[in-house]
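Topology and contacts: notes
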Amino acid sequence: MASPLTFFLIISLSFFITLPQTQARVLLSQLQPTPATSFIFPKAESTVLPDPSPFFAPNLLQTPLPTNSFFQNFVLNNGDEPEYFHPYHFRSSNSSLSLSYPSRLATPSFISQNFTAQLSISATQNNRERHVVSSFSDLSVTLDFPSSNLTFFLVKGSPYLTCNVSKPTALSISTALSVTSLSSNAERTKFTLKLDNSQIFLVYSSSPIGLTISNPSLITSEAFTGVIRVAMLPPSGSQDLEAILDQFSSSYPISGEAVLTGPTTLEYRWVKEGNGDLLMLAHPLHQQILSVQDSHAAVLDYFKYTSIDGDLIGVVGNSWVLKTQPIPISWHSITGVKDLVQALPEINAALSSDVQLLISTPLSITGSYEYGKLLAKAARLALIAEEVGSNDIAVITKFLKDGIEPWLSGTFSGNGFLYEGKWGGLVTKNGAADKGADYGFGVYNDHYYHIGYFLYAISVAAKFDVDWGIKFKAQAYALAGDFMNLNRQADSSYTRLRNFDLYNLHSWAGGVTEFADGRNQESSSESGNAYYSAALMGLAYRDTNLTDAASLLAALEIQAIQKWWHVHQGDNIYEDMFASENKITGIVWSNKRDSGLWFASAESKEIRVGIQVMPISPITEVLLSNASYVKELVEWPAPALSKEGVTDAWRGFTYALEGIYNKAEALQKIKNLGGFDDGNSLTNLLWWIHSRG
């Protein structure tokens, strides 16, 4: 098994853009070939990307910057839209940081959390300065207000807000509500603050501080230097919970890293200051996969906060070990094609027809998403051909190579991948000048969706033509690195794990666009496909490091999808009024759950199912392994499938799911389809049905 250090450095791709290959300091694998061509994605100047320089410290502007992170709103536009950190919302505005323990609103169509500035901390002499991001890590971001002498350590999952006051500074603590009482201990290092909405906040200080109610909405202090910590007493409000917050108030995290230590293991390691152990909060997926014994941690299941993702419970420990079940990374169906007498003739007939259509239709599309889907569709045909013993593999492989090469060699006239250095990552030629082109790829939207399809096709082409794979390996890895880079070093060309949120344990798609509800992800299954495709690329290139890292991310993504996109009544994640109307979400936001889609209404249930299932491949077997849930999911949109305007392209996904538990009827429905999604085919659906148990 590879060492933790290996996984820290799995993907270091800075040489692809800035250094000759012989100067590469960290390789993806031990066998890194010299490419036959010197072309690696050329640099481009984007005219549509926002300027990051107002928000990041100068030293950080020399490194690749996050584009889909949990704190993205803090570095866009005015930087004053809130982000959700579990259990608090934070908003930075006018030299102050506001905290909200959000209330939750549930309806049949959405669930949201509302922001109310319950407490705002600033220097009394407010300099109206904008915050500066002085550092960030996998699990945290640090905001500085230099003129106010304030530094806020915002760490995901901390029940405390921590502020360091570097020089003697008078502080203001204001509220959008009213303070009903303020009391302190004898040492003046702990204050109990009660608001008129019945919330109780505890304020801790590293040395004595004087706090005074100046008016019903404002508390002020004398000059203070040191650390201030604020925590809301959990709603149950028992004395025992307050004692827990007291006990762990003097140990605080200032950053946190997540370390991939194997194909099934992720470790959280916080950098902390102060005395004692850390008290942090675990969301429901953490609770499911936390290895308490390996973490040397104690779970306080009675210490609880609510969140949009379900209840958060206390965990005491300076590091966590999270262990997921391994998932099969397979080119073919996990259990194989069944009923060969019937299956092989049907699949081979469809395959012959689909291949003929594929090679006889001019490749006229230029969008990176649609092009990638078409290539992945062809790659599916090649793998199915191998699984059923067809002789069509060679002609499909040629189609794949001919279709992929222009994007890797820079000769595709209609579009192409370029590298921009402002944020540090790939854009498309079209997206560099038009933020709406390629579904926002030029502003870092949906990168892993698009690239995931390309990686799937590249992996299959490299599997069937090893020499071709070696020829274009550098380009393939440069493409993968855009969302799979694990390197933390400043000279990397890409930010670390562009889309994957290592606390939430799933990805975000929105890019450098400000959203009031924070980050979002619509098509969860395409996210899982991206990491699965990267794992296949590791198989194709015999790169166990890449396969292990990508399979861990795929496993975590899939479990997160099953937890938060797949809706189950009675599991204490979503309210019944939402769960009873929705078997699957439309868009998961960091601060909202929505039944609608970007491109379709909530009533288009068949589209919602399809967008959370596509593309159908062997990894779909893992994603939708709960047959009883699948039956509920199929029955949910069934009345809509016969409505006018519903297309066979979307019906096909629901019929495919029906095949998990009702193979015969699903097969007949699929045979009667007159059209397919542009990443799907009759061959693929027949393969799926005939490989069900």
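Above this note sits the structure.
Residues numbered from 1 in each chain as written. Predicted model: local features only at pLDDT ≥ 70, side-chain atom pairs only at ≥ 80, totals over all residues. Heavy atoms only, no water.

**Some thoughts on the nonpolar core**
Core analysis: the biggest nonpolar cluster contains 216 residues, and Leu154, Leu245, Leu266, Tyr268 and Leu479 have the highest contact counts within it. Among all residues touching leucine 154, those that are not within four sequence positions of it are Phe74, Phe85, Phe90, Leu97, Leu139, Ser140, Val141, Leu143 and Leu161. (Core = buried A, V, L, I, M, F, W, Y, C linked by side-chain atoms within 4.5 Å. Buried < 20%, exposed > 50% of the residue type's maximum accessible area, 1.4 Å probe, protein only. Contact = heavy atoms within 4.5 Å.)

**Brief notes about the sheet that holds strand S18 (residues 279–282)**
Spatial strand order, S18-S20-S19: 3 strands in an open sheet with antiparallel pairing. Edge positions in the sheet fall to S18 and strand S19 (298–305), since each of these pairs with one other strand and no more. Recorded for the sheet is a direction-independent mean angle of 35 degrees between the axes of neighbouring strands. Of the strand pairs in this sheet, S19 and strand S20 (residues 312–316) are connected by 5 bridges, and their pairing is antiparallel. Each residue of the ladder has a partner; that of alanine 298, found in S20, is valine 316. Sitting on the sheet, helix H3 (residues 239–247) is in contact with S18 and S19, with an inclination near 120 degrees to S19. (Pairing = 2+ DSSP bridges. Helix = DSSP H or I, 4+ residues; strand = E, 2+ residues; numbered from the N terminus. Axes fitted to C-alpha atoms, helices over the stretch in contact; angles between N-to-C directions.)

**Quick look at helix H8 (residues 393–409)**
The terminal C-alpha atoms of H8 lie 24 Å apart, and with 17 residues this matches the ideal 24 Å at 1.5 Å per residue to within 8%. Restricting attention to buried positions, one finds in H8 the residues Ile393, Ile396, Thr397, Phe399, Leu400, Lys401, Gly403, Ile404, Pro406, Trp407 and Leu408. Looking one or two residues beyond H8, the residue adopting positive phi is glycine 410, at roughly 80 degrees. (Expected span 1.5 Å × (residues − 1).)

**Thoughts on the pattern of salt bridges**
Side-chain pairs of opposite charge can arise whenever the charged atoms involved come near each other. Evaluated as defined, the whole model comprises 26 salt bridges. Here glutamate 386 and lysine 463 are joined by a salt bridge, their closest N and O atoms 2.8 Å apart. Of the two residues, glutamate 386 is situated in helix H7 (residues 368–388) and lysine 463 in helix H9 (residues 447–464); the sequence distance between them amounts to 77 residues. For lysine 463, a relative accessible area of 25% translates into the label partly exposed. (Salt bridge = Lys/Arg side-chain N within 4 Å of Asp/Glu carboxyl O.)

**Here we look at unusual backbone geometry**
Residues histidine 86 and proline 87 are joined by a peptide bond in cis, for which omega reads 10 degrees. Position of proline 87 among the secondary structure elements: in the loop between strand S1 (83–84) and strand S2 (89–93). Cis geometry is adopted by the peptide bond preceding proline 615, which originates at methionine 614 and carries an omega value of -5 degrees. The residue serine 95 is not glycine, and still its phi comes out positive at about 65 degrees. The residue serine 95 is located in the loop between S2 and strand S3 (96–100) in this model.

**Topic: the environment of aspartate 438**
You can see aspartate 438 is positioned in the loop between strand S23 (425–428) and H9. Judged by relative accessible area, aspartate 438 falls into the buried class, the value being 10%. Residues aspartate 438 and isoleucine 561, spaced 123 residues apart in sequence, show a C-alpha to C-alpha distance of 25 Å. Contact partners of aspartate 438, with chain neighbours within four places excluded, come to Thr366, Gly367, Ser368, Asn415, Thr428, Asn430, Gly431 and His450.

**Comments concerning the side chain of threonine 169**
Position of threonine 169 relative to the elements: it lies in strand S10 (residues 160–174). Of the polar contacts made by the side chain of threonine 169, one reaches the side chain of asparagine 149; its length is 2.9 Å. (Polar contact = N/O pair within 3.5 Å; in protein donor to acceptor, adjacent residues only side chain to side chain.)

**Remarks on the sheet that holds strand S26 (residues 520–521)**
Whether parallel or antiparallel, the strands of a sheet pair through hydrogen bonds between backbone atoms. Spatial ordering of the open sheet is given by S4-S5-S28-S27-S26, a layout of 5 strands whose pairing is antiparallel. Each edge of the open sheet carries a strand with a single partner, namely strand S4 (103–106) and S26. Relative to strand S27 (residues 587–589), S26 runs antiparallel, the two sharing 2 bridges. Looking at S27, one finds that asparagine 520 is bridged to tryptophan 589.

Such coordinate-based values are descriptive only and should not be taken to indicate function.
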